[in-house]
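For reference, the chains in residue letters:
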Amino acid sequence: MVGMRKYCFVVMGAMLMAGLAGCGLSRKDVTAEPVPEVVAADAGSGQENVGESEPAQENDGMAGAAEDGQMRESEADPMQEPGTDAEAWNEADVGGEMKQEEQPLPWTVMVNGALYVYSGECDDEGLRCGMMDGEITGRVPENEVPTQDNESNFATGYGYQYGRESEIEVHMPLDDSGELHWLVFRKSGFSGEGREDFLLTDAPALSLKDALSSTMDRFTVQPGNYTWTFEEDGEGKSFAACGAHPLDDVPYVHMPVLTLPAYNGLDSVPYLFSCAVMPDSVTVRKWKASAAGNPDAPADSVTTLSEGVSLMELEKDCIYEFILEWEQKRLEETGYCGTASYAFVTR
């Protein structure tokens with residue numbers, strides 16, 4: 001039984017020793033796949049890697065720990081049983097209280113001494129030869145920047161080809177279906193010293209990842225309405241993009257659709273969000289999907305996330321708008337500033 005010690009009381013000294021030899025602590029480990037993981041803080045107890053957790057389970061049908069104190073392993077899904085991490089997420093106010101000591105970096109790979117960052121785009125229609133130009137063979141933690149050629153912070157074993165100027169395309173799955181896509185990575189200004197070294201010349205894509213999943217399943221949203229300013233080589237450039245109000249559109253027609261997984265006992269699912277450089281502030285507006293077509297409808301909720309928080313609980317059949325701001329007061333420091341809106345519908 002995990003989390004409890006079973007004490008065996010016997011009368012004779014020899015029986016006591018034999019009893020103690022047969023009792024011990026067993027643990028069920030859930031082994032994560034070797035794919036990108038996002039580190040989230042466990043409520044009130046430091047950091048924990050979601051997808052590599054060790055949920056407590058009853059083990060009454062087993063005869064105790066394995067010989068020589070070896071741990072038992074199981075492939076069971078922790079989301080299918082009570083008393084697991086799913087219930088812990090459900091009880092915690094993950095949307096507003098949980099923080100990360102370190103924000104995850106975007107998917108990054110080094111090729112020929114240059115760093116390339118995932119753009120959030122796929123190019124499955126492009127013409128290309130059948131030979132790979134290289135393969136990702138090394139991996140660093142997801143919160144680190146690769147420093148060696150053919151090294152990434154998300155996975156190994158995937159081939160890549162050179163794309164258009166300043167791009168490479170990595171042939172790899174984007175979700176747990178295992179279907180391979182050509183993901184576009186663009187050359188960045190990362191030097192490894194900090195996110196200020198990454199010059200954003202446009203509003204970045206927003207990526208969301210199911211915090212309870214151990215797969216590479218990511219949902220990417222491109223900015224709709226946004227304004228952006230950046231400075232390069234002493235020259236300042238500003239531009240704006242005007243899109244529709246989130247409620248102007250009809251659900252499932254033009255707006256991106258995020259299908260939430262069904263977890264036992266959860267009415268909402270915690271999602272971690274990230275982009276090439278995390279913003280200074282995040283505001284999330286939510287409407288019921290039935291409000292589509294009525295742009296004057298007030299939001300059911302407006303949540304302003306504290307600095308360092310990159311996790312939000314999402315509900316089904318809702319329209320969400322994430323408003324991200326990179327503050328103008330940091331323009332001289334970072335070389336860019338702006339505000340961008342990202343809208344999508346859940347089902």
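In case you missed it, the structure is sitting above this.
Here goes a summary of the coordinates provided. (Residues numbered from 1 in each chain as written. Predicted model: local features only at pLDDT ≥ 70, side-chain atom pairs only at ≥ 80, totals over all residues. Heavy atoms only, no water.)

Some thoughts on the pairing of strand E20 (residues 318-326)
Right, so step 1: Burial of E20 is extensive: 7 of the 9 residues sit out of reach of the surface.
Right, so step 2: Here strand E17 (residues 281-288) runs beside E20; their pairing, made up of 8 bridges, is antiparallel. Its bridge partner being in E20, Lys 288 is matched across the sheet by Cys 318.
Right, so step 3: Two strands pair when backbone bridges link them, and E20 and strand E21 (residues 336-346) are joined in this way by 8 bridges, in the antiparallel orientation. Pairing of Glu 321 across the sheet is with Ala 343, part of E21. (Buried < 20%, exposed > 50% of the residue type's maximum accessible area, 1.4 Å probe, protein only. Helix = DSSP H or I, 4+ residues; strand = E, 2+ residues; numbered from the N terminus. Pairing = 2+ DSSP bridges.)

Remarks on the nonpolar core
Right, so step 1: With 36 residues, the main nonpolar core has Leu 208, Leu 314, Phe 322, Trp 326, Tyr 342 and Phe 344 as its most contacted residues.
Right, so step 2: Per-element accounting of this core gives the leading share, 5 residues, to E20.
Right, so step 3: Once residues within four sequence positions are removed from consideration, Phe 344 is found in contact with Leu 208, Phe 219, Val 221, Met 255, Pro 256, Leu 258, Leu 314, Cys 318, Ile 319, Tyr 320 and Phe 322.
Right, so step 4: Counting residues in hydrophobic clusters, the runner-up holds 17 residues, among them Val 109, Tyr 116, Ile 168 and Leu 174. (Core = buried A, V, L, I, M, F, W, Y, C linked by side-chain atoms within 4.5 Å. Contact = heavy atoms within 4.5 Å.)

Some details on the pattern of salt bridges
Right, so step 1: The full count for this structure, using the stated rule, is 11 salt bridges.
Right, so step 2: Two residues, Arg 186 and Glu 167, come together in a salt bridge whose shortest N-O distance is 2.9 Å. Linking Arg 186 in strand E10 (residues 180-187) with Glu 167 in strand E9 (residues 167-173), this pair joins segments that are 19 residues apart in sequence.
Right, so step 3: Residue classification places Arg 186 among the partly exposed residues on the basis of a relative accessible area of 31%.
Right, so step 4: When its relative accessible area of 9% is taken as the criterion, Glu 167 is described as buried.
Right, so step 5: Here Glu 315 and Lys 288 are joined by a salt bridge, their closest N and O atoms 4.0 Å apart. Linking Glu 315 in strand E19 (residues 311-315) with Lys 288 in strand E17, this pair joins segments that are 27 residues apart in sequence.
Right, so step 6: For Glu 315, a relative accessible area of 28% corresponds to the partly exposed category.
Right, so step 7: Linked by salt bridges that have partners in common, Glu 121, Arg 164, Glu 167 and Arg 186 make up one network. (Salt bridge = Lys/Arg side-chain N within 4 Å of Asp/Glu carboxyl O.)

So, to be careful, I would describe these as geometric facts and stop short of saying anything about function.
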